[in-house]
Amino acid sequence: MKRNHTMMQFFEWHLAADGDHWKRLAEMAPELKAKGIDSVWVPPVTKAVSAEDTGYGVYDLYDLGEFDQKGTVRTKYGTKQELVEAIAECQKNGIAVYVDLVMNHKAGADETEVFKVIEVDPNDRTKEISEPFEIEGWTKFTFPGRGDQYSSFKWNSEHFNGTDFDAKGERTGVFRIAGENKKWNENVDDEFGNYDYLMFANIDYNHPDVRREMIDWGKWLIDTLQCGGFRLDAIKHINHEFIKEFAAEMIRKRGQDFYIVGEFWNSNLDACREFLDTVDYQIDLFDVSLHYKLHEASLAGRDFDLSKIFDDTLVQTHPTHAVTFVDNHDSQPHEALESWIGDWFKPSAYALTLLRRDGYPVVFYGDYYGIGGPEPVDGKKEILDILLSARCNKAYGEQEDYFDHANTIGWVRRGVEEIEGSGCAVVISNGDDGEKRMFIGEHRAGEVWVDLTKSCDDQITIEEDGWATFHVCGGGVSVWVLPEQNEDCADAE
């Protein structure tokens, strides 16, 4: 029987810009697989504005760390050769690699151009606050270091519909580029009236040449890297119809198994459902609403009603299209969408994503290995290894919830015959010490179960009728299982 799938986001914002990250990934692939990680989402692989940039200030989509551009051959993470080798090493160890694609904007243009724009209200981009006027904008991309290799397409102002800096006037604003067929895309998020524009030079997906070039690039990337999937960045700002077309073309190119997950950062479920409808459910979405629920729970403590933790979440309404996560590079402290989940609740949050039937869970590199930068945060490898082991070996079979108390919730997974000793009982508290009486199954009568997290050191015997009372310490999580010598996940396939 196939083991549970688990993804790792294999980066955090403050990784050292030492060019060694692809080598680290190759080296760690066997260990990741042994822990139960069978896919990794890697950061943007394309050349950015500098060797320190995380990759979201994207410059040249065809430069994967191969050409001397922006003062560097390698990217923040390494060279193209090291990337190709890391992906091959992951695949050798049974780990799929999903590459982060930044398709909303371009940065670090090679030359300026003069063109007409209309300034719009940054809080309502549908509202014009100027007549058309000329600016000097950074919109000309000629890629002198790469030339025409892989693609001869050169970008200029006709391929963008907005920018944020006038070099002539030395001032910033949201400037919509004026001209024939120039407007914001309509099929985007409606925050700020129209959220097509996010940053830098905004790619215009109304332009047929742009659509063609971006689809050609996606196919080229698949051929070049032989990766197993894509993570699409900032898709609420990109024409949803284009995302549908792009996904269809990539799946046609690589086959139905090619996996795509999108960052649609919107906690409104109706908006998520509408987006999934538009793209014909060809891609999955990160469960942003669940992340915010977990964040709220970590702030509110015992005042949060745990029995409602999954209400209005994507994993509840669209379980087969939800990628569940606790934190990521954007939600970590001091970043754009800071909503960091408190330390005390983090193990419980991971239990809620890793040990349940629904959703495709992600473990964040920053939670596992720690976060660097000016205010480092220690990793939680020890508890996460315990939960990953439980996911790999125990969290199978029928699931029954006991979400009947505001401060103490639990659920059981009754196990499957194909995985010996599988099954678990999970109890979470955000208040005092608690307990849950839950049904495991009469065929488990007499088994003695222990708490994998070791926060409760007693043992529990399953009663004759298949029921047992499982304990949890205040503000913690306990994962009760039949103890055994667990095999590692690399050998468990």
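Shown above is the structure to which this text applies.
This report concerns the structure included in the present document.

Let's shift gears to the pattern of salt bridges. Per the counting criterion, the structure on display carries 38 salt bridges. Lys236 is paired through a salt bridge with Glu191; the nearest N and O atoms lie 3.4 Å apart. With a gap of 45 residues between them, Lys236 in the loop between strand 13 (229-232) and helix 4 (240-254) and Glu191 in the loop between strand 11 (171-177) and strand 12 (201-203) connect regions that are remote in the sequence. What makes Lys236 buried here is its relative accessible area of 9%. With its nearest N and O atoms 2.6 Å apart, the salt bridge here joins Asp432 to Arg302. Separated by 130 residues along the polypeptide, Asp432 in the loop between strand 22 (424-429) and strand 23 (434-439) and Arg302 in the loop between helix 6 (288-300) and helix 7 (314-317) bring together distant segments of the chain. Residue classification places Arg302 among the partly exposed residues on the basis of a relative accessible area of 46%.

Okay, the nonpolar core next. Counting residues in hydrophobic clusters, the biggest one holds 124 residues, and the most contacted among them are Val40, Val99, Met103, Met214, Leu221, Phe230 and Leu355. The biggest single contributor to this core is helix 3 (residues 208-225), with eight residues. Excluding anything up to four places from it in sequence, Met103 contacts Ile203, Tyr205, Met214, Trp217, Leu232, Ile238, Phe242, Ile243 and Phe246. Judged by nonpolar contacts, the second largest core, of 14 residues, contains Trp449, Phe470, Val472 and Trp480.

Here Gln399 lies in strand 20 (residues 399-402). Look at Gln399 and you get buried, because its relative accessible area is 13%. Polar side-chain contacts of Gln399 include one of 2.7 Å to the backbone nitrogen of Arg357. Those residues within four positions of Gln399 in sequence are excluded, and the remaining contacts are Arg356, Arg357, Trp411, Val412 and Arg413.

Counting buried positions along strand 10 (residues 160-166) yields five of seven residues, so the element is predominantly enclosed. Strand direction decides the pairing type here: strand 10 and strand 12, joined by two bridges, are antiparallel. Residue pairing in the sheet places Phe160 in a bridge with Ile203 of strand 12. With four bridges connecting them, strand 10 and strand 11 associate as antiparallel partners.

Moving on, we get to the sheet that holds strand 14 (residues 259-262). The eight strands lie next to each other as 16-15-14-13-5-2-1-17, forming an open sheet whose pairing is parallel. The two strands at the open ends of the sheet, each matched to only one other strand, are strand 16 (322-323) and strand 17 (362-364). Across four bridges, strand 13 lies against strand 14 in parallel orientation. Among the inter-strand pairings, Leu232 is bridged to a residue of strand 14, identified as Gly262. Along the sheet, helix 4 makes contact with strand 5 (96-101), strand 13 and strand 14, crossing strand 13 at roughly 165°.

Conventions and cut-offs
Residues numbered from 1 in each chain as written. Predicted model: local features only at pLDDT ≥ 70, side-chain atom pairs only at ≥ 80, totals over all residues. Heavy atoms only, no water. Salt bridge = Lys/Arg side-chain N within 4 Å of Asp/Glu carboxyl O. Helix = DSSP H or I, 4+ residues; strand = E, 2+ residues; numbered from the N terminus. Buried < 20%, exposed > 50% of the residue type's maximum accessible area, 1.4 Å probe, protein only. Core = buried A, V, L, I, M, F, W, Y, C linked by side-chain atoms within 4.5 Å. Contact = heavy atoms within 4.5 Å. Polar contact = N/O pair within 3.5 Å; in protein donor to acceptor, adjacent residues only side chain to side chain. Pairing = 2+ DSSP bridges. Axes fitted to C-alpha atoms, helices over the stretch in contact; angles between N-to-C directions.

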